[in-house]
Amino acid sequence: MKIREKLKDKKRVVIKIGSSSLVHRNTGMLNLRKVEALIRVLCDLRGQGKDVILVSSGAIAVGASAMGMNKPSTTSEKQALAAIGQARLMMTYQRLFAEYNQMTAQVLMTKYTVLNDKSRVNARNTLEELLKLGVIPVVNENDTVATDEIEKVGTFGDNDHLSAIVAALIHADLLILLSDIDGMYTDDPARNPNAHFIPVVKEITEEYLKMGKETSGSSLGTGGMAAKVDAARIATDSGADLVIANGDRVENVLMIMDGMEVGTLFLAHETADFQLMDYIEH
């Protein structure tokens, strides 16, 4: 069986979409056509009997657009905009999910949700119960109260890490990162025309970690390729395959699940002594 064919059998899928894939670049407003297409894809996966979790960025970008602010500078501004934007984002998600008769739920997390033993168990139990009920949870960082999530990349400083941690938390078998790049390259393809696309990564070696430069040219999100490779390390060590693919066409998700050659596939190699806490900066 081809490596990609195995993706057809995945039962529990976490899908992360970044800010740059959700909003119009020139205005910062939600790209409703793309959001609707994303919801349709998620509902179709749910209709196939798969457990689906969406990790969604975009709260600060949507809040900034709503308030007519270009680039918020202070942490308090970003927190306020996150509060505004998260409500608008979730309202849009709920309306679109309802069109397909699909229940959804909002789950906001911080790094401390996972670091604290009791809250980590509570978060896992909540997500498990939602999936059991056939609900599609929408997860985001709680930027309104957690300052280091906004200021510091590398803990939960981007939703690439958050999605990998969610995947490990609920024992997902596939994580899909939708970004503004087709996958992983040997170098930044925007600056190096000789950069080669990497279709499959069997093991994340030091060489791949070095390749994981900041390749995203977007000012809307915080995670570049370095964050995605690090997220891949968490996900694959926990036992989940991971695919980095272009979010411009959300239908790529269905193509990935059909075993087609889309994006860069990082193969799972579950670590026997995997402990999620070892991957989170305290």
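Residues numbered from 1 in each chain as written. Predicted model: local features only at pLDDT ≥ 70, side-chain atom pairs only at ≥ 80, totals over all residues. Heavy atoms only, no water.

Chemist: What is the right way to look at the overall build of the chain in this model?
Modeler: The secondary structure content of the chain amounts to ten helices and ten strands. The C-alpha radius of gyration computed for the chain amounts to 17 Å, which stays within 12% of the reference 19 Å derived for 282 residues, consistent with globular compactness. For the chain, the spread of C-alpha atoms along the principal axes amounts to about 50 × 45 × 40 Å. Burial status across the chain gives 56% buried among its 282 residues. Within the chain, residue pairs in contact and separated by at least 24 positions form 74% of the contacts whose partners lie at least 6 positions apart. Total accessible area on the chain stands at roughly 12,700 Å², and carbon and sulfur atoms take up 48% of it. Within the chain, the 37 negative side-chain charges are centred at a point lying 3 Å from the centre of the 31 positive side-chain charges. (Helix = DSSP H or I, 4+ residues; strand = E, 2+ residues; numbered from the N terminus. Rg over C-alpha atoms; globule rule 2.2 N^0.38 Å. Buried < 20%, exposed > 50% of the residue type's maximum accessible area, 1.4 Å probe, protein only. Contact = heavy atoms within 4.5 Å. Areas by Shrake-Rupley, 256 points an atom, 1.4 Å probe, with all protein chains shown as cover. Lys, Arg positive; Asp, Glu negative; His and termini not counted. Charge placed at Lys NZ, Arg CZ, Asp CG, Glu CD.)

Chemist: Explain the confidence of the model for the chain here, please?
Modeler: A low pLDDT score tells you not to read the predicted coordinates there in detail. In the predicted model, the chain carries a mean pLDDT of 87, and the fraction of residues at 70 or more is 91%. Every residue in residues 214-222 scores below 50 in pLDDT, and together they form 24 contacts with partners more than four places removed in sequence or on other chains. (pLDDT = per-residue confidence, 0-100.)

Chemist: Looking at this structure, I do not really get helix α9 (residues 225-238). What am I missing?
Modeler: A turn of α-helix holds 3.6 residues, and therefore any two residues three or four places apart point the same way. Here α9 contains 14 residues, and its C-alpha end-to-end distance of 20 Å stays within 8% of the 20 Å for a straight helix at 1.5 Å per residue. With eleven of 14 residues buried, α9 lies mostly within the body of the structure. Listing the buried residues of α9 in full gives M225, A227, K228, V229, A231, A232, I234, A235, T236, D237 and S238. At the exit of α9 stands G239, carrying a positive phi of roughly 110°. (Expected span 1.5 Å × (residues − 1).)

Chemist: Would you take a moment to explain the layout of surface pockets for this structure?
Modeler: If a probe as big as a water molecule is rolled over the atoms, it shows which places are left empty. Looking at the second largest pocket, its volume works out to about 240 Å³. Lining the second largest pocket are M29, L30, L32, V62, S65, A66, R88, M91, T92 and R95. Listing elements by their share of the lining of the second largest pocket, those giving two or more residues are α2 (59-66) and α3 (75-99). Examining the composition of the lining of the second largest pocket, we find that four residues originate from one element, α3, more than from any other. Its residues assigned to classes, the lining of the second largest pocket shows six nonpolar, two polar and two charged. (1 Å grid on protein atoms, 1.4 Å probe; cavity = no way out; pocket = protein on both sides within 12 Å on 5 of 7 lines; lining within 4 Å. Points joined across faces, edges and corners; volume = space filled by probe spheres on them. Nonpolar A, V, L, I, M, F, W, Y, C, P; charged D, E, K, R; others polar.)

Chemist: Honestly, the packing of α2 against α3 in this entry has me stumped. Any pointers?
Modeler: Each pair of packed helices can be summarised by the angle the axes make with each other and by the distance between the axes. It is at 6 Å that the axes of α2 and α3 come closest, and there the two elements cross at 95°. Classed by the angle they form, the pair α2 and α3 counts as roughly perpendicular. Of the residues in α3, those touching α2 at A59, I60, V62, G63, A64 and A66 are K78, L81, A82, I84, G85, Q86, R88 and L89. Here the contact of α2 with α3 is built from residues that sort into nine nonpolar, three polar and two charged. (Axes fitted to C-alpha atoms, helices over the stretch in contact; angles between N-to-C directions. Parallel < 35°, antiparallel > 145°, perpendicular 65-115°, else oblique.)

Chemist: What am I meant to see in the sheet that holds strand β5 (residues 174-179) here?
Modeler: Strands in a sheet are paired, the pairing made by backbone hydrogen bonds, and the direction either parallel or antiparallel. Taken together, the eight strands give an open sheet; going across it, the order is β3-β4-β2-β1-β5-β9-β10-β8, and neighbouring strands pair in mixed fashion. Two strands close off the open sheet at either side, each with one partner strand: β3 (104-109) and β8 (200-201). Of the strand pairs in this sheet, β5 and strand β9 (residues 241-246) are connected by six bridges, and their pairing is parallel. Bridge pairing links L178 to A245 in β9. (Pairing = 2+ DSSP bridges.)

Chemist: So what exactly am I meant to see when it comes to the nonpolar core here?
Modeler: Here is a general trend for soluble globular proteins: nonpolar side chains tend to be buried in one another's company. Of all hydrophobic cores here, the largest spans 48 residues; its most connected members are V14, I53, V139, V166 and L276. The biggest single contributor to this core is helix α7 (residues 159-169), with seven residues. In this view, I53 contacts V13, V14, I15, L127, L131, P137, V139, V166 and I170; residues no more than four positions away in its chain are not counted. Within the second largest apolar cluster, 38 residues are counted, among which are V13, I17, V52 and M90. (Core = buried A, V, L, I, M, F, W, Y, C linked by side-chain atoms within 4.5 Å.)

Chemist: Sorry if this is basic, but what is going on with a nonpolar patch on the surface here?
Modeler: A surface patch of nonpolar side chains, amounting to about 240 Å² of accessible area, comprises M67, M69 and I84. Its place among the elements puts I84 in helix α3. Owing to a relative accessible area of 31%, I84 belongs among the partly exposed residues under this scheme. (Patch = residues over 30% accessible without salt bridge, like charges linked within 9 Å, V, L, I, M, F, W, Y side chains within 5 Å. Salt bridge = Lys/Arg side-chain N within 4 Å of Asp/Glu carboxyl O.)

Chemist: I tried to follow the packing of aromatic side chains on my own but got confused; where do I start?
Modeler: Each pair of aromatic rings is reported with the distance of its centres and the angle of its planes. Across all of its chains, the model carries one aromatic pair by this definition. For the pair Y185 and F197, a centre-to-centre distance of 5.3 Å together with 70° between the ring planes defines the contact as edge-to-face. Here Y185 is found in strand β6 (residues 184-185), whereas its partner F197 is found in strand β7 (residues 197-198), with twelve residues between them in sequence. (Phe/Tyr/Trp six-rings, centres within 6.5 Å; stacked < 30°, edge-to-face > 60°.)

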